[in-house]
Amino acid sequence: MDGRAGEPVIAAPPARRCGSVPGMAATSLPEQLARTRRFALGAPGQFTISPDGATVLFLRSRAGDDPVACLRAVDVGSGTERLLADPADLTADPGTGIGSYATDRDARLAAFALAGELWTAEVTGGRPRRLPAASPVAGPRPDPAGTRIAYLSGGAVRVIAADGAADRVLAAPDGPAVTFGTAELTATTSVAGPRGFWWAPDGTALLTARTDSAAVPVWHLSNPAEPASPPRAVRYPAAGMPGPGCSLWICGLDVSRTEARWDHGELEYLVGAGWDGHGPFGVVQSRDQRTVRMLAIDPATGTTTVLAEQRDDCWVQLVPGLPARTPGGALLWHADLAGTRHLTVDGVPVTPPGLQLRAVLSVDGGPDAGGGPDSGDAGILLAASRDPAQTHLWSYRPGSGLRQLSTEPGVHTGTLRASTLVHSARCADEPAGRCTVSRPGGPDVPVASLVQHPVLKVRVRRLVLGPRQLRAALFLPSWHRPEHGPLPVLVDSYGGAGSQRVTAALDWWALVSQWFAEQGFAVLATDGSGTAGRGPAWEREVHGDPFGPVLEDQVAALHEAARLHPELDLSRAGIRGWSFSGTIATLAVLRRPDVFRVAVAGAGVTDQRLYNAHWRERTLGHPDQFPERYEACSLIRAAPQLSRPLLLIHGLADENVFAANTLRLSSALVAAGRPHEVLLLPGAGHSAIGSACTGSLLQHQLQFLRRHLMAEPGPGDGFRVTLSADQGPR
């Protein structure tokens, strides 16, 4: 059956019903993405191992579509799982449950915030207890002995006794834009997210971050759908603009306060801190990110001493979990040498060439790890990879060297304490992932994952393309046969430093790619220039230009994939993306309309001066120093070049990439007379997939892509394409 002259028509496969999850009514993948929050619900996480290795605490909701996270424990010896705190039993409105928790040194007392209130739970049993703390409560942490709990409220660090007595302020804001206890950039060196205060090992003081945002520009978020509501003011440190001033203070329980002193003009960013058995320390970084120093802090005087320094001509890469000190006093950091990122111990590389360090996950000195410098040699658990699509667990201990702990292809992570290992694995055939707890001499104890099984089966071909050995994943419709003819191609990569898409794990994004494939596309995802796992030089290829090399790799991968798979029709190639890849998608139709016929771009940065300084200046430098780089990367400046269909999408409540990016580009396109479409999402933030609008958002993109990439039937030819939720045309 013929369509328009010169354009192949996709034949209709036989009708089928989509799969369903046992115990659930038949549902579509977009519905399931929203219901499961992108398959995050029901997954165990945030593990804490007791000092004797006998008990493991973690968070997990009660089902794969239940958002309320509960605190649980596993007794390693018996394999018995216990419920320690169920938010549904504690408050009328549990919301999303327990977002995080912390324990004392012996893991006997856990503290958590729930609905703005402070709660504690005894790990040995008993009903959780609500403490009369100032509300709203955030980030509570018991002291090492479990006698007091420090927490955040109203920009202050407060301390309350574990029995609920003597709640008081330890460090209060001393300015209208000042907060204590938060330091956002510490997330770059912490495996557990940002931290802003740390207990002294003896529980007599806290190392506390003070953040002053008075100089940070105030931006506004409004909801045009509610014109009576005033705009919400947020402080946003955009490229070239002043950032928040962040300092460190020793706050004693006697309300004494001593500032840690360093040159804030030279080293503006606080990217890490802690207090171990050797004293408090901070990790600071220059604005140009070419210098990072680890500073020892004298708790009595605030004097700082440089423990170690790194410099790089492009930027010093920050590795989660580093720098750190072992209980025995050895300094752990990393070194980029001859194409490999190595773990170093006191400056000496201890991992081999070709094994790329990803993160240090834990440093275990045995049962005495929380004590002083005589705790002995540490067992170091690290994540590293030889194949960029896989990340494995390795352990290192002085005297016994390096040992690989995981072997199955996948993405592995974990934590180690007292020889007890919590090992989480995400593999291609395990959508829910697997988690086990192992101890020498005992059987592995599984920790159940309640993540739902996807209604859609992923059928992916993993490729290594071209002379640059680009890792790619090709998704084809399950129903496609050679007689159906060639397929239009949809490039569905991320491509940036913040995320790898082509791994040996089954992630939610792969399900979305397969969903588009089932609608009649060949979908290609490629990890190119700048992505992790290929070594320091590969990461730094995007220095000075974060987009051009990425786009070149996407084009090269597309052509090489089509050479290997002739079912890919390069005359009908489109591209979609979100965030970084939203920028790439727009750039693709601006710079390479010869390759890409259509683009869908969500939440992309169009004016690089409108994005976060710490992220954008890493690759482009300061706009006052390198204005030509910002001009070259401006999509707004290139707007008159648009000659292909473009759909722009943005959430109006996005605090990461402000909607001004899309609105300014649209204005420039209108001024240049360039037709395009805009879809605005009132109330939506930066991550729209997984929210209530998931289904309509994906369908809108699908209809736009089909309109511009798929053949339209001629009058009277009897061919009509309709869509089911998870299948191709029929």
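Residues numbered from 1 in each chain as written. Predicted model: local features only at pLDDT ≥ 70, side-chain atom pairs only at ≥ 80, totals over all residues. Heavy atoms only, no water.

Here the focus is the overall build of the protein. Within the protein, the secondary structure is distributed over ten helices and 43 strands. For 730 residues, the compact-globule formula gives about 27 Å, and the C-alpha radius of gyration of the protein, at 26 Å, lands near that figure. Its C-alpha atoms give the protein principal-axis dimensions of about 85 × 60 × 60 Å. Evaluated residue by residue, the protein yields a buried proportion of 57% over its 730 residues. Within the protein, counting contacts between residues at least 6 apart in sequence, those at least 24 apart form 60% of the total. With the model as given, the accessible surface of the protein reaches about 28500 Å², and the carbon-plus-sulfur share is 51%. (Helix = DSSP H or I, 4+ residues; strand = E, 2+ residues; numbered from the N terminus. Rg over C-alpha atoms; globule rule 2.2 N^0.38 Å. Buried < 20%, exposed > 50% of the residue type's maximum accessible area, 1.4 Å probe, protein only. Contact = heavy atoms within 4.5 Å. Areas by Shrake-Rupley, 256 points an atom, 1.4 Å probe, with all protein chains shown as cover.)

The buried fraction of strand β18 (residues 245-252) is high, at seven of eight residues. Alignment of strand β15 (residues 205-212) against β18, held across eight bridges, turns out to be antiparallel. Considered in β18, the bridge of R210 is made with S247. Alignment of β18 against strand β19 (residues 257-259), held across three bridges, turns out to be antiparallel. (Pairing = 2+ DSSP bridges.)

The antiparallel open sheet is built from four strands, whose spatial order is β20-β21-β22-β23. Looking along the sheet, the strands with just one partner apiece sit at the ends: β20 (269-276) and β23 (304-311). Each adjacent strand pair in this sheet contributes to an overall mean axis angle of 20 degrees, direction not counted. Where strand β22 (residues 291-297) and β23 come together, seven bridges link them in antiparallel fashion. Across the sheet, the residue bridging to R293 is E309, located in β23. (Axes fitted to C-alpha atoms, helices over the stretch in contact; angles between N-to-C directions.)

Time to look at the environment of G466. Mapping G466 onto the fold places it in the loop between β36 (460-465) and β37 (470-475). A sequence separation of 90 residues divides G466 from A556, and the C-alpha atoms of the two residues are 7.6 Å apart.

Moving on to the nonpolar core. Core analysis: the largest hydrophobic core is formed by 51 residues, its most contacted members being L558, L568, I575, F596 and L646. When neighbours within four sequence positions are excluded, L558 is seen to be in contact with V489, V491, L524, L570, A573, V595 and F596. One finds L33, A473, V512 and L698 within the second-largest nonpolar core, a separate group that totals 40 residues. (Core = buried A, V, L, I, M, F, W, Y, C linked by side-chain atoms within 4.5 Å.)

Turning our attention to the packing of aromatic side chains. If you walk through the whole model with that rule in mind, you get eight aromatic pairs. For the ring pair W219 and Y236, a centre distance of 4.8 Å and an interplane angle of 25 degrees mean the geometry is stacked. Remark: Y236 occurs in the loop between β17 (232-235) and β18 and W219 occurs in strand β16 (residues 218-221); sequence separation between them is 17 residues. For the pair W515 and F516, a centre-to-centre distance of 5.1 Å together with 85 degrees between the ring planes defines the contact as edge-to-face. By relative accessible area, which is 0% here, F516 ends up buried. Taken together, the aromatic side chains of W219, Y236 and F658 make up a single cluster linked through ring pairs. Of note, R534 hangs over the ring of W538, and the distance from its end group to the ring centre comes to 3.9 Å. (Phe/Tyr/Trp six-rings, centres within 6.5 Å; stacked < 30°, edge-to-face > 60°. Lys NZ or Arg CZ within 6 Å of the ring centre and 35° of its normal.)

This part takes up the packing of helix α5 (residues 548-564) against helix α6 (residues 580-591). Between α5 and α6, whose axes approach to 10 Å, the crossing angle comes to 70 degrees. Between α5 and α6, the angle is such that the two are roughly perpendicular. Residues G548, V550 and L551 of α5 form the contact with α6, whose participating residues are F580, I584, L587, A588 and R591. (Parallel < 35°, antiparallel > 145°, perpendicular 65-115°, else oblique.)

A regular strand places its side chains on the two faces of the sheet in alternate fashion. Most of strand β28 (residues 356-364) is tucked away, with eight of its nine residues classed as buried. Pairing of β28 with strand β29 (residues 379-385) involves seven bridges; the strand directions are antiparallel. Across the sheet, V363 pairs through a bridge with I380, a residue of β29.

Pairing is mixed in the open sheet, where eight strands are placed in the order β36-β37-β39-β38-β40-β41-β42-β43. Both outer strands of the open sheet, β36 and β43 (677-681), are each paired with one neighbouring strand and no more. With strand direction ignored, the average angle separating the axes of adjacent strands in the sheet is 20 degrees. Examined bridge by bridge, strand β40 (residues 568-578) and strand β41 (residues 598-602) share five bridges and lie parallel to one another. Counted as the bridge partner of G577 is A601 from β41. Those strands touched by helix α9 (residues 660-671) are β42 (646-651) and β43, and its axis lies near 150 degrees from that of β42. Against the sheet, helix α10 (residues 694-709) contacts β38 (487-491), β40, β41, β42 and β43, and its axis sits at roughly 160 degrees relative to β41.

In this section: the pattern of salt bridges. Close approach of charged atoms lets side chains of opposite charge pair. For the coordinates displayed, the defined rule picks out 35 salt bridges. Two residues, R158 and D167, come together in a salt bridge whose shortest N-O distance is 3.3 Å. On the accessibility criterion, D167 (25% relative accessible area) is partly exposed. Note that R592 and D594 form a salt bridge whose closest N and O atoms lie 2.9 Å from each other. Three or more residues are tied together by salt bridges with common partners; here these are D312, D336, R341, E539 and R540. (Salt bridge = Lys/Arg side-chain N within 4 Å of Asp/Glu carboxyl O.)

Attention now moves to the environment of R127. Residue placement: R127 occurs in the loop between β7 (117-122) and β8 (129-131). Taking the C-alpha atoms as reference points, R127 and P566, separated by 439 residues in sequence, lie 63 Å from one another. Beyond its immediate sequence surroundings of up to four residues, R127 is in contact with D89 and L90. Engagement of the side chain of R127 in a polar contact is seen with the backbone oxygen of D89, the distance being 3.0 Å. (Polar contact = N/O pair within 3.5 Å; in protein donor to acceptor, adjacent residues only side chain to side chain.)

Taking 1.5 Å of rise per residue, the twelve residues of α9 would be expected to cover 16 Å, and the 16 Å separating its terminal C-alpha atoms lies within 8% of that figure. Turning to α9, its buried residues number three or more, namely N661, T662, L665, S666, A668 and L669. With its buried residues spanning 160 degrees around the axis, α9 presents them on a single face. Within α9, the exposed residues directed more than 90 degrees away from the buried face are V670 and A671. (Expected span 1.5 Å × (residues − 1). Arc of directions from axis to C-beta.)

A word on α6. Compared with the 16 Å implied by 1.5 Å per residue over twelve residues, the 16 Å span of α6 between its first and last C-alpha is a close match. Within α6, eleven of the twelve residues are buried, leaving the element largely enclosed by the surrounding structure. Burial in α6 covers these residues: F580, S581, G582, T583, I584, A585, T586, L587, A588, V589 and L590. Of the surrounding elements, those touching the buried residues of α6 are α5, β40, β41, β42 and α9.

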